[in-house]
Amino acid sequence: MLQLIADGLVVGSVIALGAVGLTLTYSILRFANFGQGEFMTWGAYLAVSALAVVLAATGAGVMEPLGPFSFGWQLIVAMILAAALTAVLALLVDWLLFRRLRRGNAITLVIASFGAALALRNLVQFLYGTLPEYYTREIQIAIRLVPRDVLGGLRITPDQMLVIGLTLVLMLALQGLLTRTTLGRAMRATAQNPALARVAGVDVEGVIRATWVIGAALAAVAGVLAGVVGQVRPGLGFELLLPLFAAAILGGIGSVRGAVVGGYIVGLAESLSVPLVGAEYRAATAFVVLIGILLLRPTGLFGERA
Amino acid sequence: MTPALELDAIEGGYEPGLPILRGASVSVAPGEIVALLGPNGAGKSTLVKAAAGLVPIWSGRVRLAGRDITGLPAHRMVHEGLGFVPQTENVFANLSVLENLQLAAALIARQRRGSLEKMFSLFPDLDRQRKLPAGRLSGGQRQMLAVARALVASPSVLMLDEPSAGLSPKLVGVVFERLRAVRDTGVTILLVEQNVKAALALADRAVVLVEGRERLEGAARDLADDPRMAALYLGHAA
């Protein structure tokens, strides 16, 4: 039982990071971005390239593990670089595609995001191939935190603990940004009423750029973390797309807090359902939970508007 | 004297080929309160929205103290010193009263920025509700917050779109009395109003707009008894 919860929290962390970007884009740009999953994939692959560059530049050749983790400091640098590059990619996609369609209706943007997702996914396959990549080949031994006779026991790797910890730190930092900084207040103001935000002095185009940067950077970190505890594959983001939407909708689309809670609920639902319905139906259970919550609360857990 | 705000032969509208403003001109002298009146659909709200940068201007000029600010993005207008309070949804409901004001203050250059404490002394009702989400304020308090939010940016000219809309007659009196106090601090006001009686009682001068251009203009106290006003509102030529 404890093991399933821990596994759910690890998966939920990755989903939460991706869903936050999705919900931010939805609330400020007012469309559901189906390209969000691809930013995760691109983040993961850009980190592969950045890692190779960092290792070459430092002449290290091989990554020396950092403390109990399976990777060295070079991956942290690579992750930061990948987050920055993914943010640039998101700005580029916005400049090339979404910016021109913003005056149209939301459905045009949604369809355009489908197209962007397809293009990004195929481009990543073209550039990196279809075989899985790994940041490190180090094998980690899971640490036993709870003995087997207590609720089935709990073993977790330091990498997995880092995934959960880093997600929580990033979410707290984002919450701080949204509630305590001018940019955050401007983002919340733009999400609520873009026209009023303009006459209040908010540079809405600047807020939109900041939203892409934050959403894409978080997606990139999610992609890297998914790669750290698994493997980097071209389908990484696409396979997480439906859970991302489930998390964002379940939490109340537009709510950052909702996306985080939704991410963990989806992760836990998937994990806890495995002994009951088998691994092949785990993805479906998140949607059963989603339907249940929407029946009781149509705006989602933290949603303010229908 | 150079007008504080000059809207000169403005033509514009929301859709190309469907003009709402057909050469509207309004001039507001420094320190003046001018009421912009007219029947429904005259283009009053569209004119102030166009001046604020929210509706495209096809031709004509907007000048602020002689400076041409036509076509600047709406957020730049605020920095130039032109404030605007929309009619509805004019506060950020999910931000607290204090956050509404902090946001407006933070976006403006420090030397222009008005003090939040000054706003709270001008609108004492808001002082007691600092932490409350703006969406939970009463109608009158929301209008006060909307005005305070615009004033934090220290505008030289403040445009208000029907600040009396949805308020009880008593609250209209309170809001208008506050507007008079705002003018006394040196802010020029252009006021769009449907409540003709209250607007003429507050304003120094009034301009009546019909079908997208000004049709009548004069001192507010003279227009209050002018039979041409009724004719324009009833659809007859002045």
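Residues numbered from 1 in each chain as written. Chains lettered and ligands numbered in written order. Predicted model: local features only at pLDDT ≥ 70, side-chain atom pairs only at ≥ 80, totals over all residues. Heavy atoms only, no water.

In the annotation of an unreviewed UniProt entry, chain B is listed under the name ABC transporter ATP-binding protein and assigned to Falsiroseomonas bella.

J.: Is there a simple way to think about the sheet that holds strand 4 (residues 57–64) of chain B in this case?
T.: Hydrogen bonds along the backbone pair up the strands of a sheet, which may run parallel or antiparallel. All names here are of chain B. Ordered by their spatial adjacency, four strands build an open sheet running 2-1-4-5, and the pairing between neighbours is antiparallel. For this open sheet the edge positions go to strand 2 (21–28) and strand 5 (67–68), each flanked by a neighbour on one side alone. When strand 1 (residues 5–12) meets strand 2, the two strands line up antiparallel, connected through six bridges. Paired with Glu6 across the bridge in strand 2 is Ser27. Along the sheet face, helix 1 (residues 44–52) touches strand 1, strand 2 and strand 4 and points at about 75° away from the line of strand 2. (Pairing = 2+ DSSP bridges. Helix = DSSP H or I, 4+ residues; strand = E, 2+ residues; numbered from the N terminus. Contact = heavy atoms within 4.5 Å. Axes fitted to C-alpha atoms, helices over the stretch in contact; angles between N-to-C directions.)

J.: So what exactly am I meant to see when it comes to the pattern of salt bridges here?
T.: Between side chains of opposite charge, pairing is possible as soon as their charged atoms come close. Under the counting rule described, the total for this entry stands at 20 salt bridges over all chains. For Glu177 of chain B, the salt bridge goes to Arg178 of chain B, with nearest N and O atoms at 3.0 Å. For Glu177 of chain B, a relative accessible area of 40% corresponds to the partly exposed category. For Asp184 of chain B, the salt bridge goes to Arg183 of chain B, with nearest N and O atoms at 3.7 Å. Through salt bridges with shared partners, one network takes in Asp94, Arg102 and Glu205 of chain A. (Salt bridge = Lys/Arg side-chain N within 4 Å of Asp/Glu carboxyl O. Buried < 20%, exposed > 50% of the residue type's maximum accessible area, 1.4 Å probe, protein only.)

J.: I'm lost on the packing of aromatic side chains in this one. Help?
T.: Any aromatic ring pair is given by two values, namely how distant the centres are and how the planes are angled relative to each other. Enumeration over the complete set of coordinates arrives at eight aromatic pairs over all chains. Between Tyr45 of chain A and Tyr128 of chain A, the aromatic rings sit 4.6 Å apart at their centres with planes inclined by 35°, giving tilted as the arrangement. Taken together, the residues Tyr45 of chain A in helix 2 (residues 36–58) and Tyr128 of chain A in helix 4 (residues 106–128) connect sequence positions 83 residues apart. Neither Tyr45 of chain A nor Tyr128 of chain A differs from the other in exposure class; each is buried. Over the ring of Phe238 of chain A we find Arg121 of chain A, and its NZ or CZ is 4.1 Å from the ring centre. Above the ring of Phe120 of chain B, the side-chain terminus of Arg130 of chain B is found at 3.9 Å from the ring centroid. (Phe/Tyr/Trp six-rings, centres within 6.5 Å; stacked < 30°, edge-to-face > 60°. Lys NZ or Arg CZ within 6 Å of the ring centre and 35° of its normal.)

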